[in-house]
Amino acid sequence: MVQIHEMIFRDAHQSILATRMRTEDMLPITKTIDQVGFFSLEVWGGATFDAPMRFLAEDPWERLKTLKEHMPSTPMQMLERGMNIVAYRHFPDDIVQKFIEFAYKNGVDYFRIFDALNDLRNMKVPIETVKKLGAHAQGCLCYTISPVHTIELYVKQFKELERMGCDSLCIKDMAGMISPSRAYTIIRSCKEEGIRVPIDLHSHATSGMTELSYMKACEAGVDVLDCAMSPISGGAGHPPTESVVAALQDTPYDTGYDLELLMECRNYFLKVWDKYKHLHREQVMKVDPSAVVHQIPGGMLSNLLIQLEKFGAVDRYNEVLMETHRVQEDLGWPPLVTPTSQIVGVQAVMNVLFGRYKRVIKETKEYVRGMYGRPPGNISEEIYEKILGRNWRDKVIDCRPADLLEPMYKKCKEELEELGLLRKEEDVISYALFPEQTKKLLSGEAKPEFTSTELPLEQEMRGRRFKVLLNNEEYEVTIRKKTSQQ
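No experiment lies behind these values; they were computed from the predicted model shown. (Residues numbered from 1 in each chain as written. Predicted model: local features only at pLDDT ≥ 70, side-chain atom pairs only at ≥ 80, totals over all residues. Heavy atoms only, no water.)

Colleague: Looking at this structure, I do not really get the overall build of the protein chain. What am I missing?
Modeller: In terms of helices and strands, the protein chain carries 21 helices and 10 strands. For a compact globule of 486 residues, the expected C-alpha radius of gyration is about 23 Å, and the protein chain comes in at 22 Å, within 12% of that figure. Each principal axis of the C-alpha atoms in the protein chain carries an extent, and together these give about 65 × 55 × 55 Å. The buried share of the protein chain, taken over its 486 residues, is 59%. Contacts spanning at least 24 positions in sequence make up 74% of the contacts within the protein chain whose residues lie at least 6 apart. Taken as two groups, the 62 positive and 71 negative side-chain charges of the protein chain have centres that lie 4 Å from each other. (Helix = DSSP H or I, 4+ residues; strand = E, 2+ residues; numbered from the N terminus. Rg over C-alpha atoms; globule rule 2.2 N^0.38 Å. Buried < 20%, exposed > 50% of the residue type's maximum accessible area, 1.4 Å probe, protein only. Contact = heavy atoms within 4.5 Å. Lys, Arg positive; Asp, Glu negative; His and termini not counted. Charge placed at Lys NZ, Arg CZ, Asp CG, Glu CD.)

Colleague: Mind showing me how you'd approach the pairing of strand S7 (residues 199-203) here?
Modeller: With 5 of 5 residues buried, S7 lies mostly within the body of the structure. A two-sided burial pattern is seen for S7, the buried positions comprising Ile199, Leu201 and Ser203 on one face and Asp200 and His202 on the other. For strand S6 (residues 168-173) and S7, the ladder comprises 5 bridges, and the chain directions are parallel. Residue pairing for S7: Ile171 is matched across the bridge by Leu201. In this fold, S6 hands off to helix H8 (residues 180-192), which returns the chain to S7; that crossover is right-handed. Where S7 meets strand S8 (residues 224-227), 2 bridges bridge the pair, whose relative direction is parallel. When the bridges of S8 are listed, Asp200 appears paired with Val224. Each parallel crossover has a hand, and for S7 linked through helix H9 (residues 210-220) to S8 it is right-handed. (Pairing = 2+ DSSP bridges. Right-handed = clockwise from strand over helix to strand, strands pointing away.)

Colleague: Explanation requested: the packing of helix H17 (residues 362-369) against helix H18 (residues 381-388) in the structure shown.
Modeller: For any two helices packed against each other, one specifies the crossing angle of their axes together with the interaxial distance. Where H17 contacts H18, the two axes come as close as 10 Å, and the packing angle between them is 135°. With respect to their mutual orientation, H17 and H18 come out oblique. When you trace H17 past H18, the crossing you get is left-handed. Across the interface between the two elements, Thr364, Lys365, Val368 and Arg369 from H17 touch Tyr384, Ile387 and Leu388 from H18. Among the residues forming the contact of H17 with H18, the class breakdown is 4 nonpolar, 1 polar and 2 charged. (Axes fitted to C-alpha atoms, helices over the stretch in contact; angles between N-to-C directions. Parallel < 35°, antiparallel > 145°, perpendicular 65-115°, else oblique. Left-handed = near helix turned anticlockwise from the far one by under 90°. Nonpolar A, V, L, I, M, F, W, Y, C, P; charged D, E, K, R; others polar.)

Colleague: Where do I start with the packing of aromatic side chains in this structure?
Modeller: Ring pairs (aromatic) are described by centroid distance and by the angle formed between their planes. Following the criterion strictly, the structure yields 16 aromatic pairs and no others. Here Phe311 and Phe354 contribute two aromatic rings whose centre-to-centre distance is 5.8 Å and whose plane-to-plane angle is 80°, an arrangement assigned as edge-to-face. Of this pair, Phe311 sits in the loop between helix H14 (298-310) and helix H15 (317-330) while Phe354 is found in helix H16 (residues 340-354), placing the two residues 43 residues apart along the sequence. Here Phe311 falls in the partly exposed class, since its relative accessible area comes to 41%. Seen from the ring of Tyr184, Lys216 lies directly overhead, with NZ or CZ sitting 4.9 Å from the centre. For Arg359, the ring lying beneath its charged end belongs to Phe354, and the centroid distance is 3.8 Å. (Phe/Tyr/Trp six-rings, centres within 6.5 Å; stacked < 30°, edge-to-face > 60°. Lys NZ or Arg CZ within 6 Å of the ring centre and 35° of its normal.)

Colleague: In this structure, what is going on with the sheet that holds strand S4 (residues 110-113)? I would like to understand it.
Modeller: Think of a sheet as strands paired side by side through backbone hydrogen bonds, with each pair either parallel or antiparallel. The strand order S1-S2-S3-S4-S5-S6-S7-S8 describes a closed barrel built from 8 strands, whose pairing is parallel. The average undirected angle you get between the axes of adjacent strands in this sheet is 25°. Sheet topology note: the strand S1 (residues 3-6)/strand S2 (residues 40-45) ladder contains 2 bridges and is parallel. In the strand pairing of S2, Glu6 is matched with Leu41. The strands that helix H7 (residues 151-163) touches are strand S5 (136-142) and S6; relative to S5, the one it contacts most, it runs at about 165°.

Below you can see the structure in the form of structure tokens.
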């Protein structure tokens, strides 16, 4: 038997609807979803923490609590970025611990914990905190293709995560590029090496071969597959839940889920998909086999184009793709996932436009110093010197980055109290992670770019501008009137 981790309320709409699904569009179908029997349901983490505050005037803590109340039978899961939590930089231990405590109190049962560099030191405090609470810790490794990311390395690190107390393990293929043979070999090797906890495979449909990889994963002994309800699946999203469940029927991997229940869910989300049609983008729904060559996630490709547009250099896009691969090698082969994808991508643009490492962004310097963690591979002395200067040895750290950070919780709480905005303890964490967005939300200044009753927006919002969050940068988009050529 194989189980499904359902992602309709988190990664599905984050991947192809700009993380804009409102809570009131989730609630009508929750009773049906709760009857399916999923391994877990992803409802929180990633961009679903800050996007509701930025664009929907919603409190993410209230969304979590409400969803848990409506789906008491299904374990709620969140994606937790190690010491980054749900943001884009490291935070001290006290903020990480308090965040996890409050997340658990408000409804998170399973915590999927990962680090962009697969630096297990950055996962230690989150895992220990989750285990102390009695919750489920899922240790997650980012998948990439490089000379240093061998089968042996993945198995070794998964064994260490199991030893650290993880209740399950996950291969996180954020670019949708894991091949059937690679998926089979990693999972089979983990099983043969004696790993006993369940293994989950997370992938996106980007490359067009993910369903094949899922089938080979089943043959290798995978326990859980990540899917999303079909109306909000495919492309930069994920394999469709109903299709995977149907494909596994009458096999040793049969999920046992009721397809009629799933079709009820499908019919509901077809309406939701149509409701958010102003966010539909053909580009993110297309199969892109080139992902297995350049290894760049779809969101990062879009960000590279926007960066080049700013400099009027879109014609140099292919050069940037090649340079991205070189920068990834220079920096010790970091997996291209938030925040390392942004660092590598922007530095590649700088290198193409101004010469290799003639202009070095602050984040690249911090990365090379070790402030994001230990790179998977080696960085040459030449690169160290180019980026940090001749005295680079004095600037590089080898400790866990959070060891250098001062506690923040008490200070943030005092600041929020002085502003007169403290309503609940969870607000302190929101303020620590996203201070400006939290102040606007708690003061009542935050206004939704739309409400659920205004959707669909094709008629109401033609000519209106709204903001899109892409790799933690905001861009304005105008909804234009359709022409006969469109």
